[in-house]
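As a plain string of letters, each chain reads:
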Amino acid sequence: MSKKNLILTLAMFFFAITSLGQNNPNIKRTLNWRFGTYVGANFNLQTQEVSFLPYYSYWYSWEAASSISDMDGNLLFYTDGESVFNRNDVLMAGIDISNYFSLLYGHPSAIQGALIVPQPGNDNIYYVFTCEAWEEHFLYNYHRGLRYSIININGDGGLGELVEKNILLQNNVGESVVATSHQNETDYWIVSSTLSGMMYSYLLNENGISGPIDSLQSTNIFCLDINEAKHPQFLKFSPQGNLIFKGGVCTGHIDYTIHTLIGFNNSTGIFEFDHETDILESEIILEMTQDTTISLWPRATFSPAGNYLYVIKKMALHPFWLPSVIERYRIKYPIIEEDVIQSREIFFVSESKRFMKLQITPHGNIWVSQSTNSNLHAGQIINIIQNPNSEDFAYFEPDVYDLAEIYNSPYQTNLSYASVFWNFNNTVESWLFNDNEITTFRETTTKERRKNNLFYPNPSNGEIYLTNYFDNETHINIYSLTGTLLHKETIYSISVIKLSHLSGGVYIIEFTDNKQYREFSKIIIN
């Protein structure tokens, strides 16, 4: 390859990576996350770095978590479905934590129980949608329903103020409320489901909220008897807004004393969503049972390009829900049910740690939380699925962030440590949409998958660890962004590449083998 062609290839590659933050200006609304227990994270689109924020002793959310920033990426406020905190990490005006009736009527234990959406056409008004936790509904016969509250961000000297609270939209809802952009790219669809599995949609536009529209029904996989459907539904839009995943189980329960499933039916599927009319056009049932096991409350996310669906399965009959599996389905158009089902592959398996939640990040990868102790709900480890749009180069990078280590917080089982529960940051998925495939370049037509495609950490302090990318020796070249070769060597197995002689910055790493199999990726040296 000539230097001229190499520079062009590197430039195309770097554009494909950095364009994620430029194609959709709303992506900056997602740069600040507050989630789990005491945890905050900030995403930098330029350096691709993640900064973890100070230990928030008062931020404690089992599941519900949503935060929003302005169009410049500055944090505005965040919520756990009950309390609301402003950008200074102080309770927002209109919330008195000592007065229960001043709180929002959501619940921190609702899996996707909080969602913040700006009102179209008004930069000052934000809607906060909340929903109830199923255990309150069935164990205590307490009904909060799906509600919305309104925040004027100009109130309280620009720190925000709740001006309307807890307006009821729908009773008898599950634990999820999600949103996607309307076809007109201005308005939003807000979608939730009942505990029986029927989905309702609402339209948020410059005039406010309208609905519900009860056209989001399915006769095949939804639970139809509310007296039997006693488990929450999990919803996830694709970033493009044309698909929606619904995961859950219904009609039954688990007898943990004998580890036996009683009366469970599968209720998991993918639906095509017309985000102009909100009509579900087709459905694909995904079988979540396997032999005598069942996946309890499957969680999922689509890849940024919407061409893959990643699903977590935890085996309910095991006392600690193991093994924990990440499956992957290929999404091609036109969508044919048989093709999607047959595309299923096991992406990664853990025999000892439970996967908890998947979430696309503003960097175009997917975070996966994972528990490290006997608690069934809390996860201290964040793994990353890199290159999630790629057929051949997607890989699972383990143990990228250890929250217990970052926050100097011990591994315990009483939930009093920095951790992720069932959720990261619930946001409008279409804000994370990227037209360009954030993946690698490959000068071959072969469909072979790399067996051990891993290099880490990234960013690095000057040392990176690599496994052999291909079946034979691998040649490593490090280039500047202008195409100048700065470092080269050959590896045969797991190796440490020392790059401390390079100054801090962004570089391109090239992998080739003797069969002209080539790949480029980006690496950051601190």
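1. Observations regarding the overall build of the protein
Moving on, step 1. Across its full length, the protein carries six helices and 39 strands.
Moving on, step 2. When the 526 residues of the protein are sorted by exposure, 60% land in the buried category.
Moving on, step 3. Considering only intrachain contacts with a sequence separation of at least 6, the fraction spanning at least 24 residues in the protein is 58%.
Moving on, step 4. Here the protein displays about 20100 Å² of accessible surface, and carbon together with sulfur accounts for 49% of that area.

2. Here we look at the pattern of salt bridges
Moving on, step 1. The final tally for this structure, using the stated rule, is six salt bridges.
Moving on, step 2. Ionic pairing is found between Asp89 and Arg34, a salt bridge with its closest N-O pair at 3.8 Å. With Asp89 in the loop between strand E6 (84-86) and strand E7 (114-118) and Arg34 in strand E1 (residues 32-35), this pair connects stretches of sequence that are 55 residues apart. The same class applies to Asp89 as to Arg34, namely buried.
Moving on, step 3. Among the salt bridges present, the one from Arg144 reaches Glu82, with a minimum N-O distance of 3.3 Å. Here the residue Arg144 occupies a position in the loop between helix H3 (134-139) and strand E9 (146-152), and Glu82 occupies one in the loop between strand E5 (75-79) and E6, the gap between them amounting to 62 residues. You'll find Arg144 and Glu82 in the same group, each marked buried.

3. A few points about the nonpolar core
Moving on, step 1. Ranked by size, the top nonpolar core spans 35 residues in total, and within it Phe77, Val84, Val117, Tyr127, Phe129, Ile190 and Ile209 carry the most contacts.
Moving on, step 2. Sorting the residues of this core by element identifies E5, E7, strand E8 (125-130), E9, strand E10 (161-170), strand E11 (173-181), strand E12 (188-194) and strand E13 (199-205) as the ones contributing at least two each.
Moving on, step 3. Of the residues forming this core, the biggest block, five residues, is contributed by E8.
Moving on, step 4. Setting aside residues up to four positions removed in sequence, Val84 forms contacts with Phe77, Tyr78, Thr79, Val90, Leu91, Met92, Ile95, Leu104, Ile151 and Leu162.
Moving on, step 5. With 31 residues, the next largest nonpolar core counts Tyr310, Ile366, Trp367 and Phe396 among its residues.

4. Notes on the sheet that holds E5
Moving on, step 1. Strand order in the open sheet made by the three strands is E4-E5-E6, with antiparallel pairing throughout. With one partner strand each, in any of the chains shown, strand E4 (66-69) and E6 form the two edges of the open sheet. Across the sheet, the mean angle separating the axes of adjacent strands is 15° when strand polarity is ignored.
Moving on, step 2. Pairing analysis gives three bridges linking E5 to E6, with the strands arranged antiparallel. Bridging from a neighbouring strand, Phe77 pairs with Asn86 of E6.

5. Some points on the environment of Thr361
Moving on, step 1. Within the secondary structure layout, Thr361 lies in the loop between strand E29 (355-360) and strand E30 (366-370).
Moving on, step 2. In this structure Thr361 comes out as buried when scored by relative accessible area, which is 1%.
Moving on, step 3. Here the alpha-carbon distance between Thr361 and Ile27, two residues 334 residues apart in the chain, equals 9.6 Å.
Moving on, step 4. Apart from the residues lying within four places of it in its own chain, the contact partners of Thr361 are Trp33, Phe43, Trp367 and Leu432.
Moving on, step 5. Here the side chain of Thr361 touches Asn365 through a polar contact of 2.6 Å, side chain to side chain.

6. With respect to a nonpolar patch on the surface
Moving on, step 1. On the surface, Tyr456, Tyr465 and Val496 cluster together into a nonpolar patch covering about 240 Å² of accessible area.
Moving on, step 2. With respect to the helices, strands and loops of the structure, Tyr465 is situated in strand E34 (residues 463-466).

7. Some points on the pairing of E7
Moving on, step 1. For E7, a buried count of five out of five residues is recorded, marking the element as mostly surrounded by other parts of the structure.
Moving on, step 2. With five bridges connecting them, E7 and E8 associate as antiparallel partners. Bridging from a neighbouring strand, Pro118 pairs with Tyr126 of E8.
Moving on, step 3. Here E7 folds back onto E8, and the loop between the two strands holds six residues, one of which, Gly121, carries a positive phi near 80°.

8. Some thoughts on the confidence of the model for the protein
Moving on, step 1. Residues at a pLDDT of 70 or more form 69% of the protein, whose mean pLDDT is 75.
Moving on, step 2. Element-level pLDDT for the protein is lowest in strand E19 (residues 260-262), with a mean of 39, against a maximum mean of 97 in E8.
Moving on, step 3. Here residues 250-265 is modelled with pLDDT under 50, and outside its nearest four sequence neighbours on either side it reaches 45 contacts, counting other chains as well.
Moving on, step 4. Confidence drops under pLDDT 50 across residues 289-294; counting only partners more than four residues distant or on other chains, this segment forms 16 contacts.

9. Points about the sheet that holds E10
Moving on, step 1. In space, the four strands of this open sheet follow the order E7-E8-E9-E10, with antiparallel pairing throughout. Edge positions in the open sheet fall to E7 and E10, since each of these has one partner strand only. Between one strand axis and the next, the sheet turns by 20° as a mean value, whatever way the strands run.

The rules behind these values
- Residues numbered from 1 in each chain as written.
- Predicted model: local features only at pLDDT ≥ 70, side-chain atom pairs only at ≥ 80, totals over all residues.
- Heavy atoms only, no water.
- Helix = DSSP H or I, 4+ residues; strand = E, 2+ residues; numbered from the N terminus.
- Buried < 20%, exposed > 50% of the residue type's maximum accessible area, 1.4 Å probe, protein only.
- Contact = heavy atoms within 4.5 Å.
- Areas by Shrake-Rupley, 256 points an atom, 1.4 Å probe, with all protein chains shown as cover.
- Salt bridge = Lys/Arg side-chain N within 4 Å of Asp/Glu carboxyl O.
- Core = buried A, V, L, I, M, F, W, Y, C linked by side-chain atoms within 4.5 Å.
- Pairing = 2+ DSSP bridges.
- Axes fitted to C-alpha atoms, helices over the stretch in contact; angles between N-to-C directions.
- Polar contact = N/O pair within 3.5 Å; in protein donor to acceptor, adjacent residues only side chain to side chain.
- Patch = residues over 30% accessible without salt bridge, like charges linked within 9 Å, V, L, I, M, F, W, Y side chains within 5 Å.
- pLDDT = per-residue confidence, 0-100.

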